[in-house]
Amino acid sequence: MAGHSQFKNIMHRKGAQDAKRSKIFNKLAREITVAAKSGLPDPAANPRLRAAILAGRAQNMPRDRIDRAIKQGTPGGGDDANYEEVRYEGYGPGGVALIVEALTDNRNRTAAEVRSSFTKYGGSLGETNSVSFMFSRIGAIYYPAAAADADAVFEVALEAGADNVESDENGHEVTTTVENFGVVRDALEAKFGGAESARLTWRPLNTVAPSEDAAASLLKLLDVLEDNDDVQVVEGNFDISEELMQKLTA
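Residue positions are counted from 1 within each chain, in the order its sequence is given. Where totals are concerned, whole chains, interfaces and linings use all residues; where local detail is concerned, this predicted model gives features only for residues with pLDDT of at least 70, and gives and counts side-chain atom pairs only at 80 or more. Only hydrogens and water are set aside; all other atoms, that is, all heavy atoms of the structure, feed into the side-chain values.

Draft legend 1. Here's a closer look at the nonpolar core. Definition used in this section: a nonpolar core is a set of buried Ala, Val, Leu, Ile, Met, Phe, Trp, Tyr and Cys residues joined via side-chain atoms within 4.5 Å. Residue burial is assigned from relative accessible area. The probe radius is 1.4 Å, only protein chains are included, and a residue is buried under 20% of its type maximum, exposed over 50%, and partly exposed in between. One finds Phe118 and Ile240 to be the most contacted residues of the largest nonpolar core, which totals 22 residues. Strands here are runs of E lasting at least two residues and helices are runs of H or I lasting at least four, both read from the DSSP assignment and numbered beginning at the N terminus. Elements with a minimum of two residues in this core: β1 (84-91), β2 (97-104), α6 (107-120), α9 (212-227), β8 (231-236) and α10 (242-249). The leading source of residues in this core is α9, at 6 residues. Grouped together as the second largest cluster of nonpolar side chains are 16 residues, Val165, Leu188, Phe192 and Ala195 included.

Have a look at this one:
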């Protein structure tokens, strides 16, 4: 039950994300609406919707905004946009492999914008599956440290069929196979309440440590991609040291 956690490499931009809270709410609302459209509008009967709502609450998304997004995803709710889930793959600065997941109502627009971002910051967009073979598709569930102690999370996760549990002073990250994700998430939820984050994600099989210059360009590329209204998630196989991360994000 051991492995490499990249959570620290993800959390470094939380401050920047806080500054873009309205844009984050728009992305979360889109996911909630799409989740509601894909199944029942009841989160108890729709795991994807439940996860989307939990993600919204973790970002302090207002309850009325969540309810409005759910309503827009129900028949007659007012959202007639036909969102598609698309995935883009390519290489960023320093040879870092990147996977970009988006929800878009215009594939041509989104593809052009993503390609332009890669090119501007020294990357190159590839074909589908050009880098995904370098990642494992897994379920990742995250609880803050205050939710429970490490032994309790480990015990529940292990019994439910989790693959890995990593705990530190900030929190607990539980990883699972795609097949076991729902069972493990529900078991943890029943014991500790809703997770701060629970979703399917891409975990790199190996990581790349870019140089300082490449890392600086990479962070700019990530910020631009995440600032795109259609982009929901960006995953990469980079591993930047804490010291370099603090220097570049100061």
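Draft legend 2. Spotlight on the pattern of salt bridges. The working definition used for a salt bridge is a side-chain nitrogen of Lys or Arg within 4 Å of a carboxyl oxygen of Asp or Glu. A full pass over the atoms with the stated rule returns 16 salt bridges. Where Asp230 meets Arg30, a salt bridge forms, and the shortest distance between an N and an O atom there is 2.8 Å. Taken as a pair, Asp230 in the loop between α9 and β8 and Arg30 in helix α3 (residues 21-38) lie far apart in primary sequence, 200 residues in all. Looking at Asp230, the relative accessible area reads 3%, which means it is buried. Residues joined by salt bridges that share partners form a network here, namely Arg30, Asp105, Arg109 and Asp230.

Draft legend 3. Molecular detail of the sheet that holds β1. What the 4 strands build is an open sheet, ordered β3-β1-β2-β8; its pairing is antiparallel. Lying at the two open borders of the sheet, with one neighbouring strand each, are β3 (124-125) and β8. In this scheme, strands are said to pair when DSSP sees at least two bridges between them. As judged from the 2 bridges shared by β1 and β3, these two strands associate in the antiparallel manner. By the bridge assignment for β3, Tyr91 is matched with Ser124. In the packing of α6 onto the sheet, the strands contacted are β1, β2, β3 and β8, and the crossing angle to β1 comes to about 20 degrees. Only heavy atoms enter the contact rule, under which two residues are in contact if any of them lie within 4.5 Å. What counts as an axis is a line fitted to C-alpha atoms, over the stretch in contact for a helix, and the angles between N-to-C directions run from 0 to 180 degrees.

In short, geometric facts, not functional conclusions.
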